[in-house]
Every structure is written in C-alpha cells, then in structure tokens.
Amino acid sequence: METTVRQQYNQIAAVYDRVWSRYISKSLSFLKDWAQLTSTSSVLDVACGTGTFEHLVLLEQPTQPMIGIDLSENMLEIARQKCCAYPTVSFQRASVAALPFADRSFDVVVSASAFHYFDDPIVALIEMRRVLKPAGELVILDWCKDDWLCRLYDFVLKRFDPAHEQCYTQAEFHRFLNQTGFQIQRATRFRIGLAWELMISSAKPIGSSDRDQESV
Ligand SMILES: C[S@@+](CC[C@H](N)C(=O)[O-])C[C@H]1O[C@@H](n2cnc3c(N)ncnc32)[C@H](O)[C@@H]1O
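Let me sum up the structure you'll find in this document. Model, not experiment: these values are computed from the prediction.

Parameters at a glance
- Residues numbered from 1 in each chain as written.
- Predicted model: local features only at pLDDT ≥ 70, side-chain atom pairs only at ≥ 80, totals over all residues.
- Heavy atoms only, no water.
- Near = heavy atom within 4 Å.
- Polar contact = N/O pair within 3.5 Å; in protein donor to acceptor, adjacent residues only side chain to side chain.
- Areas by Shrake-Rupley, 256 points an atom, 1.4 Å probe, with all protein chains shown as cover.
- Helix = DSSP H or I, 4+ residues; strand = E, 2+ residues; numbered from the N terminus.
- Nonpolar A, V, L, I, M, F, W, Y, C, P; charged D, E, K, R; others polar.
- Phe/Tyr/Trp six-rings, centres within 6.5 Å; stacked < 30°, edge-to-face > 60°.
- Buried < 20%, exposed > 50% of the residue type's maximum accessible area, 1.4 Å probe, protein only.
- Contact = heavy atoms within 4.5 Å.

### Quick look at the site of the ligand
If you check the shell around the ligand, you find 20 residues, and the closest are Tyr-16, Ala-47, Asp-70, Val-96 and Ala-112. At a separation of 3.0 Å, an oxygen atom of the ligand approaches a polar side-chain atom of Tyr-16. The separation between an oxygen atom of the ligand and a polar side-chain atom of Asp-70 is 2.6 Å. Coverage of the ligand by the protein chains reaches 97% of its 600 Å² of free accessible surface. A per-element tally of the shell around the ligand places helix H1 (residues 2–19) first, with four residues. Among the residues making up the shell around the ligand, the classes are represented as 14 nonpolar, four polar and two charged.

### As for the packing of aromatic side chains
Enumeration according to the criterion identifies 15 aromatic pairs in this entry. The interplanar angle of 85 degrees and the centroid separation of 5.6 Å between the aromatic rings of Tyr-9 and Tyr-117 together place this pair among those described as edge-to-face. Residue Tyr-9 is found in helix H1, and its partner Tyr-117 is found in the loop between strand E4 (106–112) and helix H5 (121–131); the two are separated by 108 residues along the sequence. Residue classification places Tyr-117 among the buried positions, given a relative accessible area of 15%. Judged by centre distance (5.1 Å) and plane angle (70 degrees), the ring pair of Phe-115 and Phe-173 falls under edge-to-face.

### As for the environment of Phe-30
Looking at the secondary structure, you find Phe-30 in helix H2 (residues 21–35). Judged by its relative accessible area of 27%, Phe-30 falls in the partly exposed class. In sequence terms Phe-30 and Ile-200 are 170 residues apart; their C-alpha atoms lie 9.2 Å from each other. Apart from the residues within four sequence positions on either side, Phe-30 is in contact with Thr-188, Phe-190 and Ile-200.

This is the structure in structure tokens:
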C-alpha cells in the first residue's frame, strides 16, 4: 500500500498545491492556530507533503526547529524548495511505520490529512508516541467519518483509489489514541465549506513521565 501512495503522490506533487489550495490553506492554518507552537519546541510533521505547514509556521517563527517526513520524494522536493530560506527545517523520506528517529526526540508531533492513508493506525500511533518526549504533544488532523459526505468519499475511494486505506469517526480515532497510551487533551470538529468535515485532536502520552522518574 505504501508503494501505491508514494507513486500516487509522486505523480500529483507538481499540481498538489494548486489543485488543493483552499483546502490546504484552511486546514493547515487551523492546525497552526490550534497547535500554538512555542518557538523553541522541536516539531515532527508526519506526512508533511509539500511543506506548507512548515512554511506557515516559519513565516511567523523563522527559527522553529522542524522536521517533515513523507513517503513521496516529489512532495518532499517541493517542501525543500518552499522552505529553503529556513535553516532550522529539514525534510526526509520515511514512513510513519518506521520513523528514523530516536525515542523521545520531539516536543510536538503533528500530522495533517494523512491518517486515512496509514496501513495500520495503531502501528502509526505507537511509532509517533515512541518519538515524542514524555511531556510532548501529539496533534492529528484528518477527515471525519461522522459526516455523511466523508462516509460517501470513503465508500467511493475504497473502490476506486488504490491508495486510500480507511476514514474514521472521531470516536474510532479517540479509541485508537486511548489504546496506544495517549490521553486526549482537546478535540473538535470543523468544516471547510460544505465538502469537508475535519477532526483535530491533541493528546499527551500517558504515564511515560512517571516511568522516566522511576528509571532515574
Ligand atoms: C493529503 S497529503 C497531506 C500533506 C500535508 N500534510 C498537507 O496537509 O498538505 C497526504 C500525504 O501523506 C503522505 N503519506 C501517506 N501515507 C504515509 C505514510 N505511511 N508515511 C509517511 N507519509 C505518508 C503522502 O505521501 C502525502 O504526501
């Protein structure tokens, strides 16, 4: 499945920003305002695409330490060009299922509009939790299957788009977070026009700070 996703995004990378401009700008502005990043926090953006989130953040906080990872080399190439003026950001090719970072590396892990592509949501969340610092924060934004239009997209895409994996309701998504050791801090749903209902949740790893103190 990851090969299919990679090939598909390699093919559409050159037009992705133009075709999805309104959706990208609205969803990622919402994510930026929601995440309220401190300018010194280290941020990992999982499935960063063309780096628009990084660019939005860096316009306001030009020394924000950020790493974006994605499966698609062509999406990453556009991200690198977009953010080339900012030395504190870098981009790497990697899968959410095997993040090339040490345990407890990041203050914040974000991911936008990609969760419905992940082969195994539990594996993805465990991996994101592994690279988060004990007091770190996970912020995930994705399509929300509570909306009937999203259920329709999911139905159609499952049949006609080989890269599409599965959309989730907010309750399903929150169950995954709880199963993988996260405590949900804040969550909401919002619309972009009539066509898209999105969900966003912030969560913190449960218990890892206690384990750290015990092991000192
Ligand atoms: C709809 S785009 C979203 C890009 C960006 N986050 C944004 O909001 O504009 C989905 C991205 O997820 C990436 N992706 C999908 N599955 C992935 C995986 N398993 N690991 C890393 N990236 C993945 C794709 O390559 C694509 O760039």
